[in-house]
Amino acid sequence: RGRLALRLVRVADGASVAAMPQARQTMVYSFSPRGVELTTELVLEPSDRRPQHLELTLDAPLRLVWAQFGEQTLPWSTVSEEPGGAARVTLELPETNAAARTVRLGALAPLTIGEPWRLPGIRPRKVFWQEGRATLLVPLPLRIERIEGVDCRQSKVGPLSAPRVGESIELQYFAAEATAEIVLAHPKAPLQVDWGAALELSGAGATSRMIASFASPDREQFEL
């Protein structure tokens with residue numbers, strides 16, 4: 001079900017395309033009851049020129065909290081707001097002799113529970129986007145009940161690495177605008193119970209007495 005976009009240009013007009021840096025993108029969504037933390041890594045391959053700025057689009061409700069190039073913190077500014085609440089951000093890139101430049105970004109967003117929700121992403125602008133992938137880390141007590149890819153496919157599902165308990169889902173992206181629509185649930189684990197009963201029989205009838213001990217394995221519960 002993949003699609004391929006091919007653009008043909010004349011050799012005389014190809015200078016503008018060759019001058020664009022090529023980008024490979026990796027994203028990790030770390031979910032928790034407090035929200036979701038998105039860590040993005042952009043690898044910018046060499047081009048005819050080395051841009052001094054990198055423009056990004058942040059989907060709502062993401063908020064950029066840090067940006068790094070190696071150990072160096074990068075300054076940024078929010079240029080404008082786009083339709084749908086997305087923000088356009090400009091990063092200032094340092095001078096370097098490295099063949100490829102790797103930019104790491106961190107952003108936060110609140111959770112949407114029990115309703116279809118498109119994962120917000122970070123998209124580079126004015127680059128030749130090559131490939132991308134995303135990893136969703138979903139620890140208990142959270143659970144993804146449904147996932148539907150948009151310009152992407154699910155490539156792997158597995159458990160989280162110890163000591164965390166939950167699942168990890170990997171997605172292969174086919175376009176910079178790719179995402180996934182998910183339904184995130186906060187299910188309640190069933191109560192655990194240990195019990196015993198004593199039954200006394202007499203001429204007047206039967207009397208039963210039961211003692212039970214209930215426990216909730218994942219959170220406080222107040223209904224029985």
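Use the structure listed above.
As the structure is a prediction and not an experimental result, all values here were calculated from the model. (Residues numbered from 1 in each chain as written. Predicted model: local features only at pLDDT ≥ 70, side-chain atom pairs only at ≥ 80, totals over all residues. Heavy atoms only, no water.)

### Observations regarding the sheet that holds strand β3 (residues 53-58)
- Across the sheet, which stays open at both edges, the four strands sit in the order β6-β7-β3-β10 with antiparallel pairing between neighbours. This sheet does not close on itself; its edge strands, each paired only once, are β6 (76-81) and β10 (122-124). Recorded for the sheet is a direction-independent mean angle of 30° between the axes of neighbouring strands.
- In terms of strand pairing, β6 meets strand β7 (residues 87-92) through five bridges, oriented antiparallel. Within β7, the position partnered with Ser 80 by the bridge is Arg 88. (Pairing = 2+ DSSP bridges. Helix = DSSP H or I, 4+ residues; strand = E, 2+ residues; numbered from the N terminus. Axes fitted to C-alpha atoms, helices over the stretch in contact; angles between N-to-C directions.)

### Section: the side chain of Arg 101
- Along the chain, the position of Arg 101 falls in strand β8 (residues 101-109).
- Within the structure, the side chain of Arg 101 is placed 3.2 Å from the backbone oxygen of Pro 94, a separation counted as a polar contact. (Polar contact = N/O pair within 3.5 Å; in protein donor to acceptor, adjacent residues only side chain to side chain.)

### Some words on the layout of surface pockets
- If you add up the space inside the largest pocket, you get close to 1,000 Å³.
- As for the largest pocket, its lining consists of 37 residues, of which Trp 129, Gln 130, Phe 174, Ala 175 and Ala 176 are closest to the centre.
- Mapped by element, the contributors of at least two residues to the lining of the largest pocket are β1 (22-32), β2 (35-45), β10, β11 (128-139), β12 (143-150), β13 (152-159) and β14 (166-173).
- Ranked by the residues each element gives to the lining of the largest pocket, the list is headed by β11, at six residues.
- By residue class, the composition of the lining of the largest pocket is 16 nonpolar, seven polar and 14 charged.
- Quantified by volume, the second largest pocket comes out at close to 150 Å³.
- If you trace the second largest pocket, you find it lined by Ser 30, Ser 32, Arg 34, Gly 35, Val 36, Glu 37, Pro 61, Arg 63, Leu 108, Ala 109 and Pro 110.
- Contributions of two or more residues to the lining of the second largest pocket are made by β1, β2 and β8. (1 Å grid on protein atoms, 1.4 Å probe; cavity = no way out; pocket = protein on both sides within 12 Å on 5 of 7 lines; lining within 4 Å. Points joined across faces, edges and corners; volume = space filled by probe spheres on them. Nonpolar A, V, L, I, M, F, W, Y, C, P; charged D, E, K, R; others polar.)

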